[in-house]
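# Chains, contacts and geometry: an overview
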Amino acid sequence: MEIEIATIGGYEEVGRQMTAVRAGDDVVIFDMGLNLSKVLIHDNVETERMHSLDLIDMGAIPDDRVMSEIEGDVKAIVPTHGHLDHIGAISKLAHRYDAPIMATPFTIELVKQQIQGEEKFGVENDLVKMDAGASTRIGDDGVELEFVNVTHSIIDAINPVLHTPEGAVVYGLDKRMDHDPVVGDPIDMERFGELGDEGVLCYIEDCTNAGKKGRTPSESVARKHLKDVMYSMEDYDGGIVATTFSSHIARVKSLVEFADDIGRQPVLLGRSMEKYSGTAERLDFVEFPEDLGMYGHRKSVDRTFKRIMSEGKENFLPIVTGHQGEPRAMLTRMGRGDTPYELEEGDKVIFSARVIPEPTNEGQRYQSETLLKMQGARIYDEVHVSGHLNREGHYEMLNTLEPEHIIPAHQSMGGFAPYVELAESEGYELGEDLHVTRNGNVITLVE
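These notes cover the structure that comes with them.

### What to know about the nonpolar core
Judged by nonpolar contacts, the single largest core of 63 residues is most densely connected at Ile 29, Met 32, Met 67, Met 230 and Ile 350. Take this core: its biggest share by element is 7 residues, from helix H8 (residues 249-261). Contact partners of Met 32, with chain neighbours within four places excluded, come to Gln 17, Met 18, Ile 77, His 86, Ile 87, Gly 88, Ala 89, Ile 90, Leu 93, Ala 94 and Tyr 97.

### Some remarks on the packing of helix H13 (residues 391-401) against helix H14 (residues 417-425)
Interhelical geometry of H13 versus H14 gives an angle of 45 degrees and a closest axis separation of 11 Å. If you check the angle between H13 and H14, you find them oblique. Relative to H14, H13 is oriented so that their crossing is right-handed. Contacts between H13 and H14 involve Arg 391, His 394, Tyr 395 and Leu 398 from the first element and Pro 418, Tyr 419, Glu 421, Leu 422, Ala 423 and Ser 425 from the second.

### Let's talk about the layout of surface pockets
Considered as a void within the structure, the second largest pocket measures approximately 370 Å³ in volume. Every residue lining the second largest pocket is counted, 24 residues in all, and those nearest its centre are Ile 155, Asp 156, Val 183, Gly 184 and Asp 185. Looking at the lining of the second largest pocket residue by residue, the classes come out as 12 nonpolar, 6 polar and 6 charged.

### Thoughts on the sheet that holds strand S14 (residues 293-295)
Two modes of strand pairing occur in sheets, parallel and antiparallel, and in both the strands are linked by backbone hydrogen bonds. If you walk across this open sheet you meet the 6 strands as S14-S13-S15-S12-S16-S17, and the pairing is parallel. Each of the sheet's edge strands pairs with one partner strand only, and the pair in question is S14 and strand S17 (378-380). Within the sheet, the average angular offset between the axes of one strand and its neighbour, ignoring direction, is 20 degrees. In this sheet, strand S15 (residues 316-320) lies alongside strand S12 (residues 240-244) in parallel orientation, the contact comprising 2 bridges.

### So, the pattern of salt bridges
One pass over the structure, following the stated rule, counts 27 salt bridges. Measuring nitrogen to oxygen at the nearest pair gives 2.6 Å for the salt bridge that ties Glu 2 to Arg 22. Pair noted here: Glu 2 is in the segment before strand S1 (3-9) and Arg 22 is in strand S2 (residues 18-23), with a separation of 20 residues, a long-range link. On the accessibility criterion, Glu 2 (38% relative accessible area) is partly exposed. Arg 22 sits in the buried class, given a relative accessible area of 6%. One connected set of salt bridges, linked through shared partners, spans Glu 146, Arg 191, Glu 194 and Glu 198.

### Some remarks on helix H12 (residues 359-374)
In this model, H12 (16 residues) spans 23 Å end to end at C-alpha, consistent with the 22 Å of a helix rising 1.5 Å per residue. Within H12 the residues assigned to the buried category are Thr 360, Asn 361, Gln 364, Arg 365, Ser 368, Glu 369 and Leu 372. Burial along H12 is one-sided: seen end-on, the buried residues are contained in an arc of 150 degrees. Exposed side chains of H12 directed beyond 90 degrees from the buried face belong to Pro 359, Tyr 366, Gln 367 and Met 374. In this fold, the buried residues of H12 make contact with helix H1 (36-40), helix H11 (330-336), strand S16 (348-352) and S17. Of the residues trailing H12, Gly 376 is marked for its positive phi of about 100 degrees.

### Description of the sheet that holds strand S8 (residues 143-149)
Sheet architecture is open: 6 strands sit in the order S7-S8-S9-S10-S11-S18, paired in mixed fashion. Edge positions in the open sheet fall to strand S7 (135-138) and strand S18 (405-409), since each of these has one partner strand only. Across this sheet, the average inter-strand angle for adjacent strands is 20 degrees, counted without regard to direction. When strand S11 (residues 200-206) meets S18, the two strands line up parallel, connected through 5 bridges. Across the sheet, Tyr 203 pairs through a bridge with Ile 406, a residue of S18. Its contacts with the sheet place H13 against strand S10 (167-172), S11 and S18, and it is angled at close to 170 degrees to S11.

### Regarding unusual backbone geometry
Positive phi values are uncommon outside glycine, yet Asp 31 reaches one of about 70 degrees. Mapped onto the elements of the fold, Asp 31 is located in the loop between strand S3 (26-30) and H1. Even without being a glycine, Asp 156 presents a positive backbone phi close to 65 degrees. Inspection of the secondary structure puts Asp 156 in the loop between S8 and strand S9 (158-164).

Rules used throughout
- Residues numbered from 1 in each chain as written.
- Predicted model: local features only at pLDDT ≥ 70, side-chain atom pairs only at ≥ 80, totals over all residues.
- Heavy atoms only, no water.
- Core = buried A, V, L, I, M, F, W, Y, C linked by side-chain atoms within 4.5 Å.
- Buried < 20%, exposed > 50% of the residue type's maximum accessible area, 1.4 Å probe, protein only.
- Helix = DSSP H or I, 4+ residues; strand = E, 2+ residues; numbered from the N terminus.
- Contact = heavy atoms within 4.5 Å.
- Axes fitted to C-alpha atoms, helices over the stretch in contact; angles between N-to-C directions.
- Parallel < 35°, antiparallel > 145°, perpendicular 65-115°, else oblique.
- Left-handed = near helix turned anticlockwise from the far one by under 90°.
- 1 Å grid on protein atoms, 1.4 Å probe; cavity = no way out; pocket = protein on both sides within 12 Å on 5 of 7 lines; lining within 4 Å.
- Points joined across faces, edges and corners; volume = space filled by probe spheres on them.
- Nonpolar A, V, L, I, M, F, W, Y, C, P; charged D, E, K, R; others polar.
- Pairing = 2+ DSSP bridges.
- Salt bridge = Lys/Arg side-chain N within 4 Å of Asp/Glu carboxyl O.
- Expected span 1.5 Å × (residues − 1).
- Arc of directions from axis to C-beta.

Treat this as a map of the structure, not an account of what it does.
Structure (structure tokens):
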């Protein structure tokens with residue numbers, strides 16, 4: 001059976017992920033993501049009103065025109081998890097393919113919300129829920145799709161596996177080896193070991209942290225760090241504000257619990273905070289206190305800020321959007337003085353997130369922190385652990401899967417270098433079984 005892999009997006013940058021795998025006449029697309037930094041550098045861009053071709057020209061979504069070179073029919077579109085760099089282009093591209101969108105329940109719900117907000121295209125693809133650990137047949141040639149549970153900085157994430165007569169293709173983006181997660185099940189390393197024994201033809205790997213030594217800590221480590229930071233503030237009688245990735249439900253859960261422990265009422269503020277946490281609670285992935293306020297609309301947020309100022313900042317913990325310094329996010333507005341919440345000398349701001357290493361984000365975050373400091377705020381930074389594998393995790397995955405071929409992904413061309421060195425140390429050879437590629441290329445593994 002012929003096996004081809006089209007590396008459509010995410011092979012020259014971190015963002016706009018999209019990969020297609022052809023096994024005989026059957027094609028499966030993994031991810032359709034957005035490169036948010038390409039949008040943020042433009043003022044007041046509303047992607048939901050834009051045409052896909054304009055977004056392709058901006059470099060914001062994958063250029064999927066290479067799919068015209070792929071023979072066969074697309075049988076499924078499979079987003080691995082709910083981050084925008086993996087689902088943010090579905091509303092712009094999925095309607096071109098007569099195929100269902102298949103994902104875990106939380107991811108499907110986020111995809112549904114993306115589609116509902118789309119104003120340019122009608123997306124009528126079927127939405128099919130499939131749990132981690134499940135499998136389904138794809139096409140009529142003995143190809144099977146399996147979801148393997150992984151841990152990441154968002155709940156309900158998976159690594160999909162396409163089983164073919166030539167061996168398995170493992171799409172391994174966005175995970176860390178967390179054996180003690182705060183929410184959800186541990187990574188299913190047992191199943192990855194079984195896949196290695198059965199035979200892996202190709203492993204497509206996320207290289208984000210390949211140059212970082214050691215192992216990525218568990219989310220339980222971040223929880224302990226956050227607890228230590230927040231408990232140290234228990235006797236502070238001024239304002240405390242926290243920010244984190246809105247999609248990081250485990251982190252939000254910890255913030256909510258520790259706020260109560262130190263005698264403050266938590267409140268979630270910002271559209272994406274309300275969306276992700278509200279969705280997770282509705283689907284029973286997490287249980288929050290019944291009185292936890294979640295407010296996304298600007299008027300509701302400002303009313304809440306007025307209430308906090310009236311009843312006393314020392315009684316509340318606002319958990320807000322803006323960890324990357326996004327211009328329209330809550331924390332950035334607070335730094336500019338555009339909200340009723342008044343920051344004062346000595347107030348604490350906890351960044352339970354790291355800066356995504358990309359110039360647009362780094363610049364925005366610097367500006368946001370500077371504005372906060374100008375108002376007297378004290379910054380607590382890097383109260384966080386990554387959602388991606390560090391170097392030792394990559395070694396373990398290669399030793400577990402023992403793939404015949406490797407395709408590095410989720411990085412710039414320069415960013416691939418640490419992973420290439422790592423793979424070469426394991427006996428892989430660049431240009432032979434280690435394939436560094438660009439967006440828009442097609443790799444033939446079996447002819």
